[in-house]
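# Architecture and fold: a report
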Amino acid sequence: MTAFPGPSGVPPVVGIVGSQGAFGRWMARFFREQMGVQVIGHDPAGDSALSIRELVLQADVLVFSAPIRHTVAIIDEYVAAAAGDEAGKLWLDLTSIKQQPVAAMLHSRAEVAGLHPMTAPPKIDTLAGRTMAVCRARLDRWAPWLAHLLAKLQADCVDIDPLAHDRAMALVQGLVHASHMAQAAVLRELAPAAGGLPALHALRTIGHDLDLTVTGRILSGNPAIYEDIQFGNPHVLPMLERLADAVALLRAQVAEGGDGARTVVRERFLQQPAAWFGNDALAARSHGFERMGYLQADLQGARYLSVYLPQDRPGSLRALLAVFERLGINLASIHSSRTPDGELHFRIGLETLPVALATLREAVESDGLGRVVDARDDAG
Ligand SMILES: NC(=O)C1=CN([C@@H]2O[C@H](COP(=O)(O)OP(=O)(O)OC[C@H]3O[C@@H](n4cnc5c(N)ncnc54)[C@H](O)[C@@H]3O)[C@@H](O)[C@H]2O)C=CC1
Ligand SMILES: O=C(O)C(=O)Cc1ccc(O)cc1
């Protein structure tokens with residue numbers, strides 16, 4: 001692979017601050033394997049061969065991928081250690097908050113861009129299909145290399161200034177995380193008396209299932225990220241005040257209980273927001289909700305086969321489906337999906353099974369058409 005040159009005409013060496021962390025490791029692999037560049041790094045958790053000063057001097061591009069809470073202090077430390085020798089280099093960061101880290105990087109003499117991938121490090125090699133905010137704070141000779149990096153990452157990039165980013169993120173992340181963390185705390189208190197999560201799941205609505213999916217994702221992630229976004233984004237506290245006011249108003253009206261209170265709730269929480277969303281957006285969201293319901297039903301179906309297709313070529317899915325046709329098996333659904341390890345497969349929901357699941361499995365695997373990654377017949 002010929003790596004894309006930096007402003008000096010040769011491919012840059014990339015340094016990662018936080019090289020042992022979740023995104024640091026993903027980026028290191030991305031830079032090596034997708035960009036073909038040399039990667040060095042520093043991380044108190046097991047990557048200390050280079051001192052901060054050595055890293056700053058050896059890296060043409062420095063990427064800060066450190067805990068949100070400590071990022072500004074770490075950048076300040078790097079600015080001090082670089083002592084002006086960072087002039088002509090490019091400094092980037094991946095922090096979920098942009099104003100303070102970008103401002104801190106601008107205290108250096110490097111060219112600066114802030115990045116924020118709107119996703120956990122994915123199981124695939126690029127950010128294809130994900131959004132990424134890009135704050136082009138001070139760019140000149142590195143602009144073409146950055147453009148190449150963004151093209152290689154394949155994210156849907158949104159140019160935005162750091163202030164607007166943080167304002168938006170207080171809603172896109174702060175509000176979503178806060179509401180679901182609150183739901184988690186309430187569920188923990190009240191759900192046991194209602195039979196626990198399994199009893200709630202048995203009575204699930206589409207909305208309960210969607211919310212629990214989000215809550216479960218948050219609770220299984222790195223707690224520091226969710227904590228730091230609440231505490232570190234300056235626009236989160238005013239948002240939380242509005243959220244608390246809204247819940248307090250709802251509670252007060254429900255406690256009051258009269259027709260006037262119902263009118264307040266209907267107007268403030270349903271009619272006025274609905275008018276503000278607008279009919280088109282509401283229709284699209286409502287349809288999206290229904291689609292999620294079909295998806296949930298399909299993915300929760302108790303009889304299915306998940307098949308990985310090793311031959312990534314036109315016609316391989318048709319060949320797989322021919323096996324089902326031959327065995328007289330009706331499909332209830334088919335979705336391309338990924339296993340928890342990130343392996344792409346087709347999840348095929350099945351109606352009645354005229355043959356044993358093992359027979360179907362064998363037929364799929366026998367001619368090397370597909371590899372069964374999961375199969376269940378819990379439908380009785
Ligand atoms: N994980 C995620 O879902 C996402 C993370 N990000 C951003 O990526 C950045 C890194 O996040 P993660 O990798 O998830 O966190 P992480 O906690 O897995 O990794 C952070 C790494 O920084 C290291 N570190 C701590 N102090 C350091 C120092 N003084 N110098 C160098 N390294 C130091 C830690 O030892 C750790 O290995 C954060 O700014 C976060 O906001 C952005 C989008 C999504
Ligand atoms: O878990 C996921 O998929 C997330 O969406 C996590 C996440 C955490 C922090 C970010 O700044 C962006 C994304």
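Residues numbered from 1 in each chain as written. Chains lettered and ligands numbered in written order. Predicted model: local features only at pLDDT ≥ 70, side-chain atom pairs only at ≥ 80, totals over all residues. Heavy atoms only, no water.

### A few points about the overall build of the protein chain
Helices and strands together make up the secondary structure of the protein chain, namely 14 helices and eleven strands. The dimensions of the protein chain, computed from C-alpha atoms along their principal axes, are 70 × 70 × 40 Å. Within the protein chain, residue pairs in contact and separated by at least 24 positions form 67% of the contacts whose partners lie at least 6 positions apart. Total accessible area on the protein chain is roughly 20800 Å²; 56% of this is exposed by carbon and sulfur atoms. Put simply, the protein chain has 34 plus and 41 minus side-chain charges, and the middle of one group is 2 Å from the middle of the other. (Helix = DSSP H or I, 4+ residues; strand = E, 2+ residues; numbered from the N terminus. Contact = heavy atoms within 4.5 Å. Areas by Shrake-Rupley, 256 points an atom, 1.4 Å probe, with all protein chains shown as cover. Lys, Arg positive; Asp, Glu negative; His and termini not counted. Charge placed at Lys NZ, Arg CZ, Asp CG, Glu CD.)

### Thoughts on the pattern of salt bridges
Scanning the entire structure with this criterion turns up seven salt bridges. For Asp-85, the salt bridge identified is with Arg-53, shortest N-O distance 2.6 Å. Remark: Arg-53 occurs in helix H2 (residues 52-58) and Asp-85 occurs in the loop between helix H3 (68-82) and strand S4 (90-93); sequence separation between them is 32 residues. Look at Asp-85 and you get partly exposed, because its relative accessible area is 37%. Exposure remark for Arg-53: the relative accessible area of 33% places this residue in the partly exposed category. The salt bridge partner of Asp-159 is Arg-136, with a shortest N-O separation of 2.5 Å. Of this pair, Asp-159 sits in strand S7 (residues 156-159) while Arg-136 sits in strand S6 (residues 131-138), placing them 23 residues apart in sequence. Several salt bridges converge on common partners, so that one network encompasses Arg-29, Glu-33 and Asp-125. (Salt bridge = Lys/Arg side-chain N within 4 Å of Asp/Glu carboxyl O. Buried < 20%, exposed > 50% of the residue type's maximum accessible area, 1.4 Å probe, protein only.)

### A look at the site of ligand 2
Taken together, Ser-96, His-116, Pro-117, Met-118, Thr-119, Ala-120, Gln-173, Arg-217, Ile-225 and Tyr-226 form the complete shell of residues around ligand 2. Taking Ser-96, its side chain carries an N or O atom lying 2.6 Å from an oxygen atom of ligand 2. Within the side chain of Arg-217, a nitrogen or oxygen atom sits 2.7 Å from an oxygen atom of ligand 2. Going through the elements one at a time, strand S5 (111-117) and helix H9 (223-232) are the ones with two or more residues in the shell around ligand 2. The residue inventory of the shell around ligand 2, partitioned by class, reads five nonpolar, four polar and one charged. (Near = heavy atom within 4 Å. Polar contact = N/O pair within 3.5 Å; in protein donor to acceptor, adjacent residues only side chain to side chain. Nonpolar A, V, L, I, M, F, W, Y, C, P; charged D, E, K, R; others polar.)

### Re the packing of aromatic side chains
Any two aromatic rings considered together are summarised by their centre-to-centre distance and by the angle between their planes. As enumerated under the stated definition, the model contains eight aromatic pairs in all. Geometrically, the ring pair formed by Phe-23 and Trp-26 is edge-to-face, given 5.9 Å between the ring centres and 75° between the ring planes. Of the two residues, Phe-23 and Trp-26 are both situated in helix H1 (residues 22-35); the distance of three residues between them amounts to about one turn of the helix. Taking the relative accessible area as the measure of exposure, Phe-23 reaches 14% and is therefore buried. What links up through ring pairs into an aromatic cluster is the set Phe-23, Trp-26, Phe-30, Phe-31, Trp-142 and Trp-145. (Phe/Tyr/Trp six-rings, centres within 6.5 Å; stacked < 30°, edge-to-face > 60°.)

### Points about the site of ligand 1
Surrounding ligand 1, one finds 25 residues, the nearest of these being Ala-22, Phe-23, Asp-43, Ser-96 and Thr-119. Gly-21 has a polar backbone atom sitting 3.1 Å from an oxygen atom of ligand 1. Burial of ligand 1 by the surrounding chains reaches 81%, relative to a free accessible area of 820 Å². Its residues placed into classes, the shell around ligand 1 shows 14 nonpolar, ten polar and one charged.

### Considering the domain arrangement of the protein chain
Accessible area lost on assembly of the parts is the figure often given for the size of an interface. Taken domain by domain, the protein chain holds domain 1 (14-160), domain 2 (162-247), domain 3 (257-294) and domain 4 (301-377). Computed from C-alpha atoms alone, the centre-to-centre distance between domain 3 and domain 4 is 40 Å. (Domains from an automatic or database assignment.)

### Remarks on the sheet that holds S5
What the seven strands build is an open sheet, ordered S2-S1-S3-S4-S5-S6-S7; its pairing is mixed. At either end of the open sheet lies a strand with only one pairing partner, and these are strand S2 (39-42) and S7. Averaged over all pairs of adjacent strands, the angle between their axes in this sheet comes to 25°, without regard to strand direction. The sheet contact formed by S5 and S6 spans six bridges and is antiparallel. Bridged to Leu-115 within S6 is Val-134. Against the sheet, helix H5 (residues 143-153) engages strand S1 (14-17), strand S3 (61-64), S4, S5, S6 and S7, with an angle of about 175° to S6. (Pairing = 2+ DSSP bridges. Axes fitted to C-alpha atoms, helices over the stretch in contact; angles between N-to-C directions.)

### A closer look at the environment of Arg-268
Here Arg-268 lies in helix H11 (residues 259-277). Between the alpha carbons of Arg-268 and Ala-246 there is a distance of 9.1 Å; along the sequence they are 22 residues apart. Filtering out sequence-adjacent residues up to four positions away, Arg-268 remains in contact with Leu-249 and Pro-273.

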